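Residues per chain are reported as follows:
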Amino acid sequence: MEGPIQMKDIHIEERVVSDHKAKITARGVQVYYGTNHALKDVDVDILAGTVTAFIGPSGCGKSTFLRCLNRMNDTVSSARVVGEILLDGEDIYDKRVDPVQLRAKVGMVFQKPNPFPKSIYDNVAYGPKIHGLTRNKAELDEVVESCLRKAALWNEVKDRLQAPGTGLSGGQQQRLCIARAIATSPEVLLMDEPCSALDPIATAQVEELIDELRSQFSVVIVTHSMQQAARVSQKTAFFHLGNLVEYGETGQIFTNPKDPRTESYITGRIG
Amino acid sequence: MTVLVLVVATLVIAGVGFFLGRSRALSGVSGNVRDLHSLPGYYGWHVALMAALPAFGVLLVWLIVQPIVIERNIGSLLPAETVADATAFKLAVADIRRVAGGLDAAVLAGALTEASAAELTSGGTDVRAVLAGVGVALGSDVTNDTLLSAQMYRSMTATGALARMIAVLAVALAGLGYALSVTRAEFRARNRVEIVMMGVLITASSIAILTTVGIIWSMLSESLNFFRQYPATEFFFGLTWSPNFRGGSDLGFIPLLWGTLYISLIAMIVAVPLGLFTAIYLAEYAGPKVRAWVKPLIEVIAGIPTVVFGLFALVTVGPFLRDYFAQPFGFGNSGASVMTAGLVIGILNIPFISSLADDIINSVPQSLRDGSYGLGATKSETVKQVILPAALPGIVGAVLLAASRAIGETMIVTMGAGASAKLSLNPFDAMTTMTVKIVGQLTGDTDFNSPETLVAFALGITLFVITLGLNVFALYIVRKYREEYE
């Protein structure tokens, strides 16, 4: 294989993203785990209505950065975050910001499907209930149905909403987790390798879903699969050893990378 | 040869067998271990086990069967009417054993020779005096029948011991010979030894089960004995408990059941919330430093003997409750009360619940917490809505285990709640529980066959059924609400 252009399974569409505004602006972000400097000086603009992919080898800091965006690193006692991350122009690390409120706006889907040990209905209703988003049962039913529909799960589970969410298959569980995340009507949806525990068919369903979600949310997805990044994203950021090496249009990153390290990674020479 | 010497001899044969088997296996392949099916040690173990196990089996069976056979033979020497009456026969045999043992001791001490002991007659010698001289006190003079029987008992025992030695050693040597004869390179010694290991494991696990069966059986038989002397309906539905050792007692079990349940209820009302909150704090809120200190400190409580808790109830909690609650509010002036015992048992059970629940909460996967935090839930929402439901089956199990403990608690009740069986709603009244009464009825200095004593067994089996029911219910709850996390 001579160059990245010949990766035939990557189908790159024309992307129109230039008219989107920045939703999240990160400047000079550093993350330390104890004495380990895990993320070095990252500047990124996440655009509204766009799927942004973070790619890079294991341990490069992409998940760490993702977890900075909704302050999930707060739950890790040894983690320390320096720098500025603005959501709609407001610093999310400001003292006045409640991380709990923030996470309602910046939802997250995890690597392994983690449905709560509750019914399918209660899994989706969890967020709306704790944030008081609905006024009555009928409204809640509506939210649950529309989220399950958006997550392309409604037809499979509509007859067993009271069955436990843990009884679904892996792919269904992950779509349930996505439905659960969008039920709190977040503005940004963070996905940490959402397909790594899924088979190819379930992966294809989730990817299709991500593309549809773009119309309502900014989606940030961490992935190990470069094909997946190429298929679903409009913008791609390449991380390596804690540095943000390159950030740009997905088509440009995969066909015409500026940094030699990016080219080496996407052609399979490092990683 | 005594049993101990016989066991040692068998072990020596087995030990020799180990080295013989090992070296035979090795010499069969001229020292090349890789040609053997198993490691050389396994061939050694196989020979040793084949020598020892069947021999011990024979020994065990012999030890059980020989006394039965001898007893039956002695029966032929005793008068027919003694043999016909089971109690008299038992007494006669016990007498014979005592005299035979005395003769053994006399021979051992040199007061009699082996020959003179065998030819002793009750007419010629004062057997009682001779035996008293070597420290065996007999209740009455020895009759001729008894002496003859005792002599026969001794001679049969001696013959039996000789035959036993020959049989055991023969079986050991035969096992050794057989095992050596099959020891060849391709012999699967390892598999054979592992089968024996499996047998050991099965035996170990059956002992607990057999013990339970034995407990139930002995309780049942004594309880049936009780119900033959005392009507079951009066026991189960009687509202008065007043045992009278001269007979004519009221042995109604309801007051005891009520006391037991009342005290346990108070104990659980204290222990469940406190234990659960402790566990939630330790598992979800406490930092590693606090946890490292607090958890062992709480668990210290579990290590305090319950009798010490009983003292605490007796001298501190009881008087405190009486002086500051019972007397001012007119609930009576008893130092011993249901409240005292319940509170102290509750405190005793806090570490039990907190420790179990803490482990259960910690075993809820981190991914569920992340999922909840990721949706913007606070810590307390996460605990209430995700962690506790996920941990619920385990927590229910822990609570029911603690309840079983509270129901079975004896010492604290004796010292804290008193010993008077009463049916009352007042928590500051002295009451008592089934366990306390079991101890009380059994330790009295009375005829074992009276209903006043045997009622202890009926109480015991009822208590057993109650706690068994609780445990079965706990298992049912845990099964029904068990959630697969991942």
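Everything quoted here is computed from the prediction, not taken from an experiment.

A. Here's a closer look at the overall build of chain B. Of the regular secondary structure elements, chain B holds 18 helices and two strands. At 33 Å, chain B has a C-alpha radius of gyration far larger than the 23 Å of a compact globule built from 486 residues. Restricting to contacts in chain B with at least 6 residues of sequence separation, those with at least 24 account for 73%. Split by element, the accessible area of chain B, about 25,000 Å² in all, is 68% carbon and sulfur. A distance of 10 Å separates the average location of the 29 positive side-chain charges in chain B from that of its 31 negative side-chain charges.

B. Here's a closer look at the nonpolar core. Within the largest apolar cluster, 116 residues are counted, with the highest numbers of intra-cluster contacts made by L148 of chain A together with L459 of chain B. In this view, L148 of chain A contacts I120, V124, L153, W154, V157, L161, L176 and A179 of chain A; residues no more than four positions away in its chain are not counted.

C. Examining the pattern of salt bridges more closely. Taken as a whole, this structure holds 23 salt bridges over all chains when the rule is applied. With a closest N to O distance of 3.2 Å, D259 of chain A and R261 of chain A form a salt bridge. Under the relative-accessibility criterion, D259 of chain A is labelled buried at 17%. Under the relative-accessibility criterion, R261 of chain A is labelled partly exposed at 36%. Put simply, R184 of chain B and E186 of chain B hold a salt bridge, and the shortest N to O gap is 3.6 Å. Relative accessible area serves as the criterion here: at 46%, R184 of chain B is assigned to the partly exposed category. Shared partners join several salt bridges into a network, and the residues in it are R291, K295, E299, D358 and D359 of chain B.

D. The arrangement of the side chain of Q172 of chain A in detail. All names here are of chain A. With respect to the helices and strands, Q172 occurs in helix α6 (residues 170–182). A residue is classified by how much of its surface remains accessible, and Q172, at 12% relative accessible area, is buried. A distance of 2.8 Å separates polar atoms of two side chains, one belonging to Q172 and the other to E156. Apart from the residues within four sequence positions on either side, Q172 is in contact with L153, E156 and R160.

E. Structural detail: the interface of chain B and chain A. Contact with chain B, which involves 21 residues of that partner, is made by 24 residues of chain A. Here chain B packs against chain A, burying approximately 1,800 Å² in sum over the two surfaces, 61% of which is carbon and sulfur. Linking chain B with chain A are five residue pairs in polar contact (both at pLDDT 80 or more). Elements supplying a minimum of two residues to the side of chain B that touches chain A: α14 (366–374) and α15 (379–408) of chain B. Examining the composition of the side of chain B that touches chain A, we find that seven residues originate from one element, α14 of chain B, more than from any other. In the side of chain B that touches chain A, the residues fall into eight nonpolar, eight polar and five charged.

F. Region of interest: the packing of helix α10 (residues 254–285) of chain B against helix α11 (residues 288–303) of chain B. Residues and elements named next belong to chain B. Where α10 contacts α11, the two axes come as close as 10 Å, and the packing angle between them is 150 degrees. The orientation of α10 with respect to α11, classified from their angle, is roughly antiparallel. Relative to α11, the crossing made by α10 is left-handed. Residue-level inspection shows T278, Y281, L282 and A283 of α10 in contact with α11, the latter providing V290, R291, V294, K295 and I298. In the contact of α10 with α11, the residues fall into six nonpolar, one polar and two charged.

G. Spotlight on the packing of aromatic side chains. All chains considered together, the criterion is met by 19 aromatic pairs over all chains. An aromatic cluster of at least three residues, connected via ring pairs, comprises F226, F227, Y230, F235, F236 and F253 of chain B. Its end group placed over the ring of Y32 of chain A, R80 of chain A keeps NZ or CZ at 4.5 Å from the ring centre.

H. Quick peek at the side chain of S355 of chain B. Of note, S355 of chain B is situated in helix α13 (residues 338–362). Ignoring anything within four residues of it in the chain, the contact list for S355 of chain B reads K295 and E299 of chain B.

I. Summary view of the packing of helix α12 (residues 306–326) of chain B against α13 of chain B. All names here are of chain B. The N-to-C vectors of α12 and α13 enclose an angle of 135 degrees; their axes lie 9 Å apart at closest approach. Considering the angle they form, α12 stands oblique to α13. Crossing handedness for the pair α12 and α13: right-handed. Contact residues: T306, F309, F312, A313, V317, G318 and L321 in α12; M339, T340, L343, V344, I347 and L348 in α13. Partitioning the contact of α12 with α13 into residue classes produces ten nonpolar, three polar and no charged.

J. Highlighting the pairing of strand β6 (residues 106–109) of chain A. Residues and elements named next belong to chain A. Alternating residues of β6 divide into V106 and M108 and G107 and V109, and every residue in both groups is buried. Both β6 and strand β7 (residues 188–192) contribute to a ladder of four bridges, which runs parallel. Paired with M108 across the strands is L190, a residue of β7.

K. Broad picture of α13 of chain B. All names here are of chain B. Counted at 1.5 Å a residue, the expected span for α13 with its 25 residues is 36 Å, and the 35 Å between its end C-alpha atoms agrees. The sharpest bend along α13 reaches about 35 degrees and sits at N349, with the proline P351 one to four residues further on. Within α13, 18 of the 25 residues are buried, leaving the element largely enclosed by the surrounding structure.

L. Structural detail: a nonpolar patch on the surface. Residues and elements named next belong to chain B. Together, W293, L297, V300, I304, V307, V308 and M411 make up a nonpolar patch on the protein surface, roughly 650 Å² of accessible area in all. At the level of secondary structure, the elements contributing two or more residues to the nonpolar patch comprise α11 and α12. Of all the elements, α11 adds the most residues to the nonpolar patch, at three residues. In this structure, W293 sits in helix α11.

M. Fine view of the pairing of strand β10 (residues 243–249) of chain A. Residues and elements named next belong to chain A. With six bridges joining them, strand β9 (residues 235–240) and β10 adopt antiparallel strand pairing. Paired with K235 across the bridge in β10 is E249. Linking two consecutive strands that pair antiparallel, namely β9 and β10, is a turn of two residues; a positive phi of about 50 degrees is found at L241 within it.

N. How the structure looks around the confidence of the model for chain A. Mean pLDDT for chain A: 87, with 92% of residues reaching 70 or above. Predicted confidence for residues 1–8 of chain A stays below pLDDT 50, and this span has ten contacts to residues more than four positions away or in other chains.

What counts as what
Chains are numbered independently. Their residues run from 1 in the order of the written sequence. Key to labels: chains lettered from A, ligands numbered from 1, both in the order written. In keeping with the model being predicted, local features are shown solely for residues with a pLDDT of at least 70 and side-chain atom pairs are shown and tallied solely at 80 or more, while totals for entire chains, interfaces and linings include all residues. The basis for every side-chain value is the complete set of non-hydrogen atoms in the structure, without hydrogens or water. For helices the rule is a DSSP run of H or I covering at least 4 residues; for strands it is a run of E covering at least 2, with both sets numbered from the N terminus onward. Two things to know: the radius of gyration comes from C-alpha atoms, and the globule rule equals 2.2 Å times the number of residues to the power 0.38. Any pair of residues with heavy atoms lying within 4.5 Å of one another is described as a contacting pair. Residue exposure ignores everything except the shown protein chains as possible cover, and the areas themselves are Shrake-Rupley values with a 1.4 Å probe. Just so you know, the count uses Lys and Arg for positive and Asp and Glu for negative, and it drops His and the chain ends. Charge coordinates come from a single atom per side chain, which is NZ of Lys, CZ of Arg, CG of Asp or CD of Glu. What is meant by a nonpolar core is a set of buried Ala, Val, Leu, Ile, Met, Phe, Trp, Tyr and Cys residues, joined one to another through side-chain atoms within 4.5 Å. Accessibility here uses a 1.4 Å probe with only protein chains present; expressed as a share of the type maximum, an area under 20% marks a residue as buried, one over 50% as exposed, and anything in between as partly exposed. Just to be clear on terms, a salt bridge is a Lys or Arg side-chain nitrogen sitting within 4 Å of an Asp or Glu carboxyl oxygen. Counting of polar contacts relies on pairs of N or O atoms within 3.5 Å, with two restrictions inside protein: one atom must be capable of donating a hydrogen and the other of accepting it, and residues adjacent in sequence are counted only when both atoms are side-chain atoms. Computed with a 1.4 Å rolling probe, the buried area is the accessible surface lost when two parts are put together, summed over both parts. Three categories are distinguished: nonpolar for Ala, Val, Leu, Ile, Met, Phe, Trp, Tyr, Cys and Pro, charged for Asp, Glu, Lys and Arg, and polar for the others, with Gly belonging to the last. Simply put, an axis is a line fit to the C-alpha atoms, just over the touching stretch for a helix, and the angle between two N-to-C directions goes from 0 to 180 degrees. Any angle between 65 and 115 degrees counts as roughly perpendicular, while under 35 counts as roughly parallel, over 145 as roughly antiparallel, and the rest as oblique. The crossing is said to be left-handed when, going from far helix to near helix, the turn is anticlockwise and less than a right angle, and right-handed when the turn is clockwise. In summary, the pairing rule links any two rings of Phe, Tyr or Trp, Trp by its six-membered ring, whose centres are within 6.5 Å, and it sorts them by plane angle into stacked for under 30 degrees, edge-to-face for over 60 and tilted for everything else. For a lysine, the NZ atom is tested; for an arginine, the CZ atom; a charge sits over a ring if that atom is within 6 Å of the ring centre and within 35 degrees of the ring normal. When DSSP finds two or more bridges between a pair of strands, those strands are recorded as paired. A helix is expected to span 1.5 Å multiplied by its residue count minus one. One fitted axis covers the seven residues ending at a residue, a second covers the seven starting there, and the bend at that residue is the angle between these axes. By definition, no residue in a patch forms a salt bridge, and every one has over 30% relative accessible area; like charges are joined within 9 Å, nonpolar side chains (Val, Leu, Ile, Met, Phe, Trp, Tyr) within 5 Å. How sure the predictor is of each residue is captured by pLDDT, a score from 0 to 100.

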